[in-house]
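Each chain, written out:
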Number of protein chains: 2
Amino acid sequence: MNKEILLKSRPKGRPTKDDFKINEIDKPKPNDGEVLLKSKYVSVDPYMRGRMRDEKSYVPPFQLNEPIEGGIIAEVIESKNEKFKIGEYVNGSNLQWKIFQTSTGENLQKVDSSQAPLSAYLGVLGLTGITAYVGLKNIGNLKEGETLVVSGGSGAVGSIVGQIGKIKGCKVVGIAGSDDKVETMQKKFGFDGGINYDTTDDMKKAIKEACPNGVDVYWDNVGGETLDAALANINKHGRIINCGAISMYNETEIPKGPRHESTLVKKSVRMQGFIVRDHQDQFAEGIQQISKWMNDGKIKYSETVVEGFENIPQAFIDLFDGKNEGKMVVKI
Amino acid sequence: MNKEILLKSRPKGRPTKDDFKINEIDKPKPNDGEVLLKSKYVSVDPYMRGRMRDEKSYVPPFQLNEPIEGGIIAEVIESKNEKFKIGEYVNGSNLQWKIFQTSTGENLQKVDSSQAPLSAYLGVLGLTGITAYVGLKNIGNLKEGETLVVSGGSGAVGSIVGQIGKIKGCKVVGIAGSDDKVETMQKKFGFDGGINYDTTDDMKKAIKEACPNGVDVYWDNVGGETLDAALANINKHGRIINCGAISMYNETEIPKGPRHESTLVKKSVRMQGFIVRDHQDQFAEGIQQISKWMNDGKIKYSETVVEGFENIPQAFIDLFDGKNEGKMVVKI
């Protein structure tokens, strides 16, 4: 039996399970040139919240009453495409939230389950790891001895960012939402310091104490007041990598905050957003470098694995409560 | 008789003449190795407002009861330094607001009054022109056919920015505070469009109408709501050059505005401040290029010349009402 998950309504503010609909559907048959895929691991990512709005962004919005698309690791269970054999695993960044689906094979990358656990290809060895690599390379420009602060520091992207910072010889301070996460950042990922924003009244002061030499590079996954606090401690020629703004994704109006333009001018600060898909030319290099660091024991990763196709919507919703440590994936 | 202008008090909000004090003092005598200078043109610039605050910035704050320092074109009227002859003109970026002063000659550049009017060396052929050149080169990265919007478009820096944009084959739209300035931007400087922010209720809409293909590069001299309106129209991979934030320089608290981090993420936008003094290695190249463009008739400039040493403070204050067209200088 096959199932699919549709976007039933565009979430107002925080998504709820009612915004999704699970249907039972027929299992499709592959045409000539196609493969039949069975989903093994489904990626849920904060950026998908943006695609649930009906507005122009870097990827088109999800359509109402259509299956949601995202990153999925699947097994080839039938093949009428000579490039793929039954039993092979593939990674598709735009597969549909379905248990079974067909594909022409376009945009599928084969993955090797003997090299790394399958789910790693959705995280550290997938777009998550590449995001960290590409953002630091093109905007971060880390120099030895600099101070790197990363919000969402125990999350999928943040944990890789911080570990690359350590490899580059930086002092790394992570920000996260629980004492457990702070401990993970320091003990597992080797960060020099950690701040629990949930128990900290004055983030500006907390960052100042954790970074007595100021902040040279701030990797921002959250936006909002955490960004304000980082900018209040930014050094001359500081760089802010605007990777995400999860604190704002569920807002229905654009929130207000202190204006930062004077700081940018006075401190010659660069703030820059980026979309990992614009840097496809660096994907192979990024994966190769991260694999090497993993093999050398320099990069570790966490993942939160939820089980069951029906639980995909809840796993997605839980991202906004920070219930994940590291990459959130759903095992089918 | 000699005079000096001291900073009497740190302005609260908008500067007033009471924040300055004019003293009569003795005319100094040069020691061995020094020259005696007579000021001819004094530059007043918005960035000086920042130095009147007692806070760390890219240049140290002015000291209370000490002469203000800035850009001055002076004549050598006595010389005990073999590098300088009587009658030569020099440009110093950190000379004091005095009619007569001595100097060791360090940080003085000779200027040639036969090549361009003396005052031009404080503007288009000085830091003003270099600011436009360096900011566009390092952050703007203009491409032919792109749309460039510049606030303060009839001002010292903005008018050069827009003309370089035209040389690079861009569509250029300027923003300024009067119909006369809008006319100057279009008729004298050759901008494609102009917006009078003072008579426009909805800047976002006005920019959209003037830039039907969106904004690729926004040169920001003002910050605040004009920046918001430009960002609301920014294209993917847009670049914002944060050169100044004159709308905020007299604020006593950091104003609030809509948060921009989501836009930076969604549109892969780069916002970057810069300080022209960090790019000394590009000064010679910039001056050479701008001189060439001037000789080719591709760059014109405006200046507002106020007469009289005692009027320096008022000329400075008038910058914040936009009373200048082009570079504001005081002729002594």
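Residues numbered from 1 in each chain as written. Chains lettered and ligands numbered in written order. Predicted model: local features only at pLDDT ≥ 70, side-chain atom pairs only at ≥ 80, totals over all residues.

(A) Geometry of the overall build of chain A. Within chain A one finds 9 helices and 16 strands. Computed over C-alpha atoms, the radius of gyration of chain A comes to 20 Å, within 12% of the 20 Å expected from 2.2 N^0.38 for 332 residues, which places it in the range of a compact globule. Each principal axis of the C-alpha atoms in chain A carries an extent, and together these give about 60 × 45 × 35 Å. Counting across all 332 residues of chain A, residues that qualify as buried make up 50%. At a minimum sequence separation of 6, the contacts of chain A that also span at least 24 residues come to 65%. (Helix = DSSP H or I, 4+ residues; strand = E, 2+ residues; numbered from the N terminus. Rg over C-alpha atoms; globule rule 2.2 N^0.38 Å. Buried ≥ 20, exposed ≤ 12 C-beta atoms within 10 Å, placed from the backbone. Contact = placed C-beta atoms within 7 Å.)

(B) How the structure looks around the domain arrangement of chain A. Residue and element names in this part refer to chain A. Entries for chain A in the domain assignment read domain 1 (2–122 + 302–331) and domain 2 (127–277). Between the C-alpha centres of domain 1 and domain 2 the distance comes to 28 Å. Each partner contributes residues to the interface: domain 1 has 17 residues there, and domain 2 has 15 residues. Across the side of domain 1 that touches domain 2, the residue classes break down as 4 nonpolar, 8 polar and 5 charged. (Domains from an automatic or database assignment. Nonpolar A, V, L, I, M, F, W, Y, C, P; charged D, E, K, R; others polar.)

(C) Inspection of the environment of Ile130(B) at higher detail. All names here are of chain B. Looking at the secondary structure, you find Ile130 in helix α2 (residues 127–140). A sequence separation of 156 residues divides Ile130 from Gly286, and the C-alpha atoms of the two residues are 5.6 Å apart. Ignoring anything within four residues of it in the chain, the contact list for Ile130 reads Val276, Phe283, Gly286 and Ile287.

(D) Main features of unusual backbone geometry. All names here are of chain A. A positive phi angle, close to 50°, is found at Asn141, a residue other than glycine. By the element assignment, Asn141 lies in the loop between α2 (127–140) and β8 (147–151). For Asn141, a count of 15 C-beta atoms within 10 Å gives the class partly exposed.

(E) Structural detail: the relation of the copies chain A and chain B. When chain A is fitted onto chain B, the two copies agree to an RMSD of 0.1 Å after a turn of 180° and an axial shift of 0.0 Å. The relationship between the two copies is best expressed as a two-fold rotation axis. Mapped onto chain B, 100% of the interface residues of chain A are again interface residues, and the two copies thus contact each other with one and the same surface. (Least-squares fit on C-alpha atoms with pLDDT ≥ 70 in both.)

(F) Expanded view of helix α8 (residues 283–295) of chain A. Along its 13 residues, α8(A) runs 18 Å from first to last C-alpha, staying within 8% of the 18 Å computed at 1.5 Å per residue. One or two steps after α8(A), the chain reaches Gly297(A), where phi turns positive at roughly 75°. (Expected span 1.5 Å × (residues − 1).)

(G) A look at the packing of α2(A) against α8(A). All names here are of chain A. Running from amino to carboxyl end, α2 crosses α8 at an angle of 105°, the nearest separation of the two axes being 9 Å. Here α8 runs roughly perpendicular to α2, going by the angle between their axes. Note on element contacts: α8 touches α2 through Phe283, Gly286, Ile287, Gln289 and Ile290, opposite Gly129, Ile130, Tyr133 and Val134. Classifying every residue of the contact of α2 with α8 gives 6 nonpolar, 3 polar and no charged. (Axes fitted to C-alpha atoms, helices over the stretch in contact; angles between N-to-C directions. Parallel < 35°, antiparallel > 145°, perpendicular 65-115°, else oblique.)

(H) Here's a closer look at the interface of chain A and chain B. Residue-level contacts link 34 residues of chain A with 34 residues of chain B. Put simply, the parts of the chain that give the side of chain A that touches chain B at least two residues each are α6 (224–231), β12 (234–242), β13 (256–258), α7 (261–267) and β14 (270–273) of chain A. With 6 residues, α7(A) is the largest single contributor of residues to the side of chain A that touches chain B. Direction of pairing for β14(A) relative to strand β14 (residues 270–273) of chain B: antiparallel, over a ladder of 3 bridges. Residue pairing for β14(B): Met271(A) is matched across the bridge by Met271(B). (Pairing = 2+ DSSP bridges.)

(I) The sheet that holds β14(A), seen in detail. Reading across from one edge, β10(A)-β9(A)-β8(A)-β11(A)-β12(A)-β14(A)-β14(B)-β12(B)-β11(B)-β8(B)-β9(B)-β10(B) is the order of the 12 strands in this open sheet, with mixed pairing throughout. Sheet topology places β10 (193–196) of chain A together with β10 (193–196) of chain B at the edges, where each strand pairs with a single neighbour. Sheet twist, expressed as the average angle between the axes of neighbouring strands with direction ignored, equals 15°. Where β8(A) and strand β11 (residues 215–220) of chain A come together, 3 bridges link them in parallel fashion. Each residue of the ladder has a partner; that of Val149(A), found in β11(A), is Tyr218(A). Contacts between helix α4 (residues 179–188) of chain A and the sheet are confined to β9 (171–176) and β10 of chain A, with β10(A) contributing the most and set at about 170° to the helix.

(J) Structural view of the nonpolar core. Core analysis: the biggest nonpolar cluster contains 188 residues, and Val149(A) and Val149(B) have the highest contact counts within it. Discounting residues that sit within four places of it in the chain, Val149(A) has contacts with Val173(A), Ile175(A), Ile207(A), Cys211(A), Val215(A), Tyr218(A) and Ala230(A). (Core = buried A, V, L, I, M, F, W, Y, C linked by C-beta atoms within 7 Å.)

(K) Looking closely at the environment of Met48(A). Residue and element names in this part refer to chain A. In this structure, Met48 sits in helix α1 (residues 48–51). Met48 sits in the buried class, given 20 other C-beta atoms within 10 Å. Taking C-alpha positions, Met48 is 17 Å from Lys323, a pair spaced 275 residues apart along the chain. Each residue touching Met48, except ones within four places of it in the same chain, is listed here: Gly70 and Phe316.

(L) Structural context of helix α5 (residues 203–210) of chain B. Residue and element names in this part refer to chain B. The set of residues buried in α5 consists of Met203, Ala206 and Ile207. Along the long axis of α5, the arc covered by the buried residues comes to 95°, so they all point the same way. Residues of α5 that are buried make contact with β8 (147–151), β10, β11 (215–220) and α6 (224–231). (Arc of directions from axis to C-beta.)

(M) Representation of the confidence of the model for chain A in the model. Looking at chain A, the pLDDT average stands at 95 and 99% of residues meet or exceed 70. If you check the scores for this complex, the pTM reads 0.88 and the ipTM reads 0.86. (pLDDT = per-residue confidence, 0-100.)

(N) Looking closely at the pairing of β12(A). Residue and element names in this part refer to chain A. Pairing between β11 and β12: 5 bridges, direction parallel. Looking at the pairing, Val215 lines up with Ile234 of β12. In this sheet, β14 lies alongside β12 in parallel orientation, the contact comprising 4 bridges. Within β14, the residue paired with Ile241 across the bridge is Gln272.

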